[in-house]
Amino acid sequence: MKYIDEYRDGEVAKNLAASIRQAADPARSYHFMEFCGGHTHAISRYGIADLLPANVKMIHGPGCPVCVLPIGRIDMAIALALDHGATICSYGDCLRVPASGGLSLLKAKARGADVRMVYSVADALSLARKHPEKEVVFFAIGFETTTPPTAVALKQAAAEKLKNFSVLCCHVLTPSAISTILESPEVRQWGTVQLDGFIGPAHVSTIIGSRPYEFFAEEYRKPVVIAGFEPLDVMQSILMLIRQVNEGRAEVENEFTRAVTREGNLKAQNLVAEIFELRRSFEWRGLNVVPYSGLQIRREFAAWDAEKKFPLEYRAVPDNKACECGAILRGVKHPRDCKLFATVCTPENPMGSCMVSSEGGCAAYYTYGRHREAASPDPVALP
Amino acid sequence: MTVRSDYVRPLDLKKGRVDMSHGAGGKAMAQLIEELFARHLGNEYLAQGNDGALLPQAHGRLVMATDCHVVSPLFFPGGDIGCLAVHGTINDVAVMGATPLYLAAGFILEEGFPLADLDRIVKSMADAANEAGVPIVTGDTKVVEAGKGDGVFICTTGVGVVKPGEDYAGDRVLPGDVILLSGHIGDHGMAIMSQRESLAFDSPIVSDSAALHTLIAAMRQSGAQIRVLRDPTRGGVATTLNEIAKQSQVGMMLDERAIPIRPAVAAACEFLGLDPLYVANEGKLLAICAAADADSLLAAMRAHPLGRETAIIGSCHPDAHHFVQMTTAFGGKRIVDWLSGEQLPRIC
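Since this is a predicted model, take the numbers as computed values, not measurements.

**Q** Tell me what's going on with the overall build of chain A, and back it up with residues and numbers.
**A** Counting secondary structure elements, chain A contains 16 helices and 13 strands. For 383 residues, the compact-globule estimate of 2.2 N^0.38 gives 21 Å, and chain A sits close to it at 21 Å. With respect to the three principal axes, the spread of C-alpha positions in chain A is 65 × 45 × 45 Å. Per-residue burial for chain A yields a buried fraction of 60% across its 383 residues. Put simply, of all contacts in chain A between residues at least 6 apart along the chain, 76% involve residues at least 24 apart. As displayed, chain A offers around 15,400 Å² of accessible surface, 52% of which is attributable to carbon and sulfur atoms. Averaging the positions of the 43 positive and the 43 negative side-chain charges in chain A gives two centres separated by 4 Å.

What follows is the structure, given as structure tokens:
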């Protein structure tokens with residue numbers, strides 16, 4: 001496959017691995033956080049950890065929009081389907097996330113709710129057009145990557161004066177999440193979580209550009225390298241981060257030049273600004289309430305805002321006391337440290353969303369990395 | 001106008017639909033059986049016309065397998081629910097090491113189902129059965145009300161005989177054994193997905209649905225010490241290998257570069273966020289044999305039309321956790337675990 005296979009070349013990987021080994025200073029360790037779930041998945045699926053030296057460790061960040069979606073928001077989606085008879089259209093990964101009352105969207109479907117999996121908001125819009133008798137609600141989650149398509153759909157729905165389509169908006173912002181991690185006491189004050197740099201999200205950056213990260217590099221003195229999703233992209237970025245750390249630099253570098261520019265996609269940014277506005281505060285699973293981190297639909301489009309159209313109430317639901325998703329999302333703990341991991345909490349029976357989404361840290365470790373320690377007792381790098 | 005004295009209005013196979021009378025056990029049902037089912041499937045056993053088929057003496061131990069088929073869409077590139085049912089059950093019997101002999105087929109029809117589609121499906125089953133040389137000797141039909149069925153559900157049962165010493169089982173695999181795969185993975189599952197999601201590709205993806213008993217017979221002839229054969233259907237190669245690893249309590253190490261996959265299927269999986277190792281196949285075989293016989297088994301499989309792309313994809317080793325692992329094309333290692341629930345594509 002063009003533009004894919006070249007970035008998965010095993011021979012180039014070997015050379016990069018050698019360069020990384022050479023560049024990494026044996027007298028210290030390097031801890032980098034990959035913010036985005038897609039990177040967590042790439043690292044796990046291609047076994048990148050095997051190619052890194054023992055003193056270069058990857059920490060999984062909170063960049064999986066399903067993982068940071070609070071239970072209360074899923075309850076709202078389920079309520080729309082079960083209590084208000086709406087047809088809920090959702091991305092696949094959301095369907096299995098456990099919510100209140102032992103329910104998930106998939107379980108609600110088994111109880112008679114009309115829950116559909118869609119690949120994009122366009123599918124939900126088509127469904128609404130085709131079935132004027134159904135009240136269609138699109139469960140809009142995601143960081144900046146998925147927000148512009150939702151904006152397009154809302155604009156189209158408004159233009160067509162579609163009466164049976166609305167959006168339950170749970171879009172969140174990447175820079176806010178990065179701030180929260182960097183501001184967390186473990187990182188900023190106590191220094192108990194060593195964080196030497198970030199691998200910046202790929203697709204989010206195609207929209208917002210590389211500029212927003214410059215603030216973090218300056219303010220917190222942490223290098224950021226924006227990486228593509230292919231395994232060679234990730235390895236190249238790790239090498240770039242190591243070099244920055246060694247040279248005492250804290251800059252924003254762009255490895256994903258084939259898709260990311262400094263300004264980003266202005267058309268998309270403008271469209272999003274037209275349709276959405278910042279919420280004063282939004283609850284994140286694992287990060288609690290973060291100010292100015294989520295989006296809501298502007299008043300002019302209230303007719304397509306599920307929160308205005310239906311009598312919905314948001315109720316915060318605390319996680320299972322023993323669930324360590326919050327700490328894991330912030331890079332403070334490892335899935336291993338959670339009592340529930342691989343015992344009560346498994347992909348078949350997830351207690352928290354870190355396990356249910358294939359991009360969650362726990363799921364990635366369970367699916368791809370758990371064998372590592374079982375096979376060899378050396379407690380090494382995260383998968 | 002003269003009317004023949006023995007005139008009976010035939011089924012309208014072009015525009016007619018299944019209705020409740022077709023399942024009632026009366027004349028309408030008898031007509032459906034005679035003019036549709038028996039017309040295509042007709043053989044000496046069905047012609048007996050009794051509640052069950054009286055079959056000749058079997059010489060050897062019996063193997064029996066059963067399958068239910070609920071695939072949607074009913075018709076897809078490379079096949080349909082009918083031939084899929086026939087191939088699937090023949091394969092389940094054949095991978096046990098048995099020669100498939102007879103099939104039984106049960107149909108649950110939804111009121112309103114077009115007779116033209118039913119005719120097409122049954123003809124497809126008849127063609128598949130004839131080509132395989134395994135007749136459908138008995139069957140049953142029921143009709144459920146509209147909305148209570150998905151068009152048609154088909155259940156098939158197959159029976160075969162196995163010679164002493166020639167049966168295969170999942171708990172026989174030993175460390176050192178070699179794993180072979182008969183061809184490209186993911187064709188069937190992605191043919192269905194592409195149809196469902198209305199994805200069009202320049203090179204269309206076609207289901208690999210096929211009866212594998214003649215390939216298996218050729219493999220038996222090679223004299224290789226085969227431990228187990230299995231067709232990796234729902235859940236794909238990954239699930240099948242995990243089942244066997246667990247049954248035999250061995251670990252497996254696969255080589256990603258050795259696993260054959262068509263570029264169009266790889267692209268479709270990439271596009272939808274699916275892992276081809278978990279996608280269904282309906283005309284492929286996984287074989288595990290003693291290391292010493294791997295090359296001769298490989299040659300025997302490649303000599304058969306359904307095994308031309310056979311590849312050695314891995315081997316077994318001692319492992320108390322019975323993990324199935326894989327060295328990635330990238331150079332790292334990953335675990336190939338059981339599937340949890342349904343494979344859900346990633347979102348961003």
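There is more to say after this.
**Q** Give me the lowdown on the side chain of His60(A), citing residues and values where you can.
**A** All names here are of chain A. Among the structural elements, His60 can be located in strand β2 (residues 56-63). Take His60: its relative accessible area is 6%, and that puts it in the buried class. A polar contact of 2.5 Å, which involves the side chain of His60, links it to the side chain of Glu34.

**Q** Residue-level account of the layout of surface pockets, with values.
**A** Residues and elements named next belong to chain B. The computed volume of the second largest pocket comes to approximately 450 Å³. Forming the walls of the second largest pocket are 22 residues, and the residues nearest its centre are Ile33, Leu46, Thr138, Gly139 and Asp140. Looking at the lining of the second largest pocket, the elements that each hand over two or more residues are α1 (27-41), β4 (99-110) and β5 (136-144). Taken together, the residues of the lining of the second largest pocket break down into 12 nonpolar, seven polar and three charged.

**Q** A description of the sheet that holds β2(A) should follow, citing residues and the corresponding values.
**A** Residues and elements named next belong to chain A. As summarised here, the arrangement of the five strands in space is β2-β1-β7-β8-β9, forming an open sheet in which the pairing is parallel. Looking along the sheet, the strands with just one partner apiece sit at the ends: β2 and β9 (252-254). Neighbour to neighbour, the strand axes of the sheet diverge by 25° on average, direction disregarded. Pairing analysis gives three bridges linking strand β1 (residues 30-36) to strand β7 (residues 197-200), with the strands arranged parallel.

**Q** Tell me about the sheet that holds strand β5 (residues 136-142) of chain A, and please be specific about residues and values.
**A** Adjacent strands of a sheet pair through backbone hydrogen bonds, lying either parallel or antiparallel. Residues and elements named next belong to chain A. Taken together, the four strands give an open sheet; going across it, the order is β4-β3-β5-β6, and neighbouring strands pair in parallel fashion. Two strands lie at the open edges of the sheet, namely β4 (114-117) and β6 (165-171), each paired on one side alone. The mean angle between the axes of side-by-side strands here comes to 20°, regardless of whether they run parallel or antiparallel. Where strand β3 (residues 87-90) lies against β5, three bridges are found, and the strand directions are parallel. Residue Ile88 lies in a different strand from β5, and its bridge partner there is Val137. Sheet strands touched by helix α3 (residues 71-82): β3, β4, β5 and β6. Its angle to β6, the strand with the most contacts, is close to 165°. Across the sheet, helix α6 (residues 147-159) lies against β5 and β6, angled at about 155° from β6, the strand it touches most.

**Q** Give me the interface of chain A and chain B: which residues, what numbers.
**A** Tallying the contact residues gives 42 residues for chain A and 26 residues for chain B. Across the chain A to chain B interface the summed buried area is about 2,900 Å²; carbon plus sulfur atoms make up 60%. Inspection of the region where chain A meets chain B yields one salt bridge. No other element matches helix α16 (residues 361-375) of chain A, which puts seven residues into the side of chain A that touches chain B.

**Q** Tell me what's going on with a nonpolar patch on the surface, and back it up with residues and numbers.
**A** Residues and elements named next belong to chain B. A contiguous nonpolar patch, built from Met1, Val3 and Tyr7 and spanning about 440 Å² of accessible area, is present on the exposed surface. Within the fold, Met1 resides in the segment before α1. When its relative accessible area of 96% is taken as the criterion, Met1 is described as exposed.

**Q** Help me get a handle on the packing of aromatic side chains, residues and values and all.
**A** Residues and elements named next belong to chain A. On inspection of all chains with the given rule, the structure shows 12 aromatic pairs over all chains. Where Phe216 meets Tyr220, the ring centres are 6.3 Å apart and the plane angle is 25°; that geometry is what we call stacked. Of the two residues, Phe216 and Tyr220 are both situated in helix α10 (residues 214-220); the distance of four residues between them amounts to about one turn of the helix. Summarising the burial analysis for this pair, Phe216 and Tyr220 share the class buried. Relative to Tyr366, the ring of Phe341 has its centre 6.0 Å away and its plane inclined at 75°; by these criteria the two rings are edge-to-face. Taken as a pair, Phe341 in the loop between α14 (325-329) and α15 (353-356) and Tyr366 in helix α16 lie far apart in primary sequence, 25 residues in all. Since its relative accessible area comes to 13%, Phe341 is described here as buried. The class of Tyr366 is buried, set by a relative accessible area of 12%. The structure contains a cluster of three or more aromatic residues connected by ring pairs, namely Phe35, Phe143 and Trp284.

**Q** Got a sec to walk through the packing of helix α4 (residues 187-196) of chain B against helix α7 (residues 263-272) of chain B? Specific residues and values, please.
**A** Residue and element names in this part refer to chain B. At their nearest, the axes of α4 and α7 sit 10 Å apart, and the two run at 55° to each other. Classed by the angle they form, the pair α4 and α7 counts as oblique. Two packed elements cross with a definite hand, and for α4 against α7 that hand is left-handed. Contacts between α4 and α7 pair Asp187, Met190 and Met193 from the former with Val265, Ala268, Cys269 and Leu272 from the latter. Its residues assigned to classes, the contact of α4 with α7 comprises six nonpolar, no polar and one charged.

**Q** Explain the pattern of salt bridges to me, and be specific about the residues and the numbers.
**A** For the coordinates displayed, the defined rule picks out 36 salt bridges over all chains. The salt bridge partner of Arg279(A) is Glu307(A), with a shortest N-O separation of 2.9 Å. Placement of the pair is Arg279(A) in the loop between β10 (276-278) and β11 (281-284) and Glu307(A) in helix α13 (residues 306-309), with a sequence separation of 28 residues. The class of Arg279(A) is buried, set by a relative accessible area of 9%. Taking the relative accessible area as the measure of exposure, Glu307(A) reaches 25% and is therefore partly exposed. Of the charged contacts in the structure, one is a salt bridge between Lys123(B) and Asp127(B), with a shortest N-O distance of 3.0 Å. Of this pair, Lys123(B) and Asp127(B) both sit in helix α3 (residues 115-132), separated by four residues, roughly a single helical turn. By relative accessible area, Lys123(B) is classed as partly exposed at 40%. One network of salt bridges, with partners in common, ties together Arg211(A), Glu214(A), Arg262(A) and Glu263(A).

The rules behind each value
Residues numbered from 1 in each chain as written. Chains lettered and ligands numbered in written order. Predicted model: local features only at pLDDT ≥ 70, side-chain atom pairs only at ≥ 80, totals over all residues. Heavy atoms only, no water. Helix = DSSP H or I, 4+ residues; strand = E, 2+ residues; numbered from the N terminus. Rg over C-alpha atoms; globule rule 2.2 N^0.38 Å. Buried < 20%, exposed > 50% of the residue type's maximum accessible area, 1.4 Å probe, protein only. Contact = heavy atoms within 4.5 Å. Areas by Shrake-Rupley, 256 points an atom, 1.4 Å probe, with all protein chains shown as cover. Lys, Arg positive; Asp, Glu negative; His and termini not counted. Charge placed at Lys NZ, Arg CZ, Asp CG, Glu CD. Polar contact = N/O pair within 3.5 Å; in protein donor to acceptor, adjacent residues only side chain to side chain. 1 Å grid on protein atoms, 1.4 Å probe; cavity = no way out; pocket = protein on both sides within 12 Å on 5 of 7 lines; lining within 4 Å. Points joined across faces, edges and corners; volume = space filled by probe spheres on them. Nonpolar A, V, L, I, M, F, W, Y, C, P; charged D, E, K, R; others polar. Pairing = 2+ DSSP bridges. Axes fitted to C-alpha atoms, helices over the stretch in contact; angles between N-to-C directions. Buried area = accessible area lost by both parts, 1.4 Å probe. Salt bridge = Lys/Arg side-chain N within 4 Å of Asp/Glu carboxyl O. Patch = residues over 30% accessible without salt bridge, like charges linked within 9 Å, V, L, I, M, F, W, Y side chains within 5 Å. Phe/Tyr/Trp six-rings, centres within 6.5 Å; stacked < 30°, edge-to-face > 60°. Parallel < 35°, antiparallel > 145°, perpendicular 65-115°, else oblique. Left-handed = near helix turned anticlockwise from the far one by under 90°.

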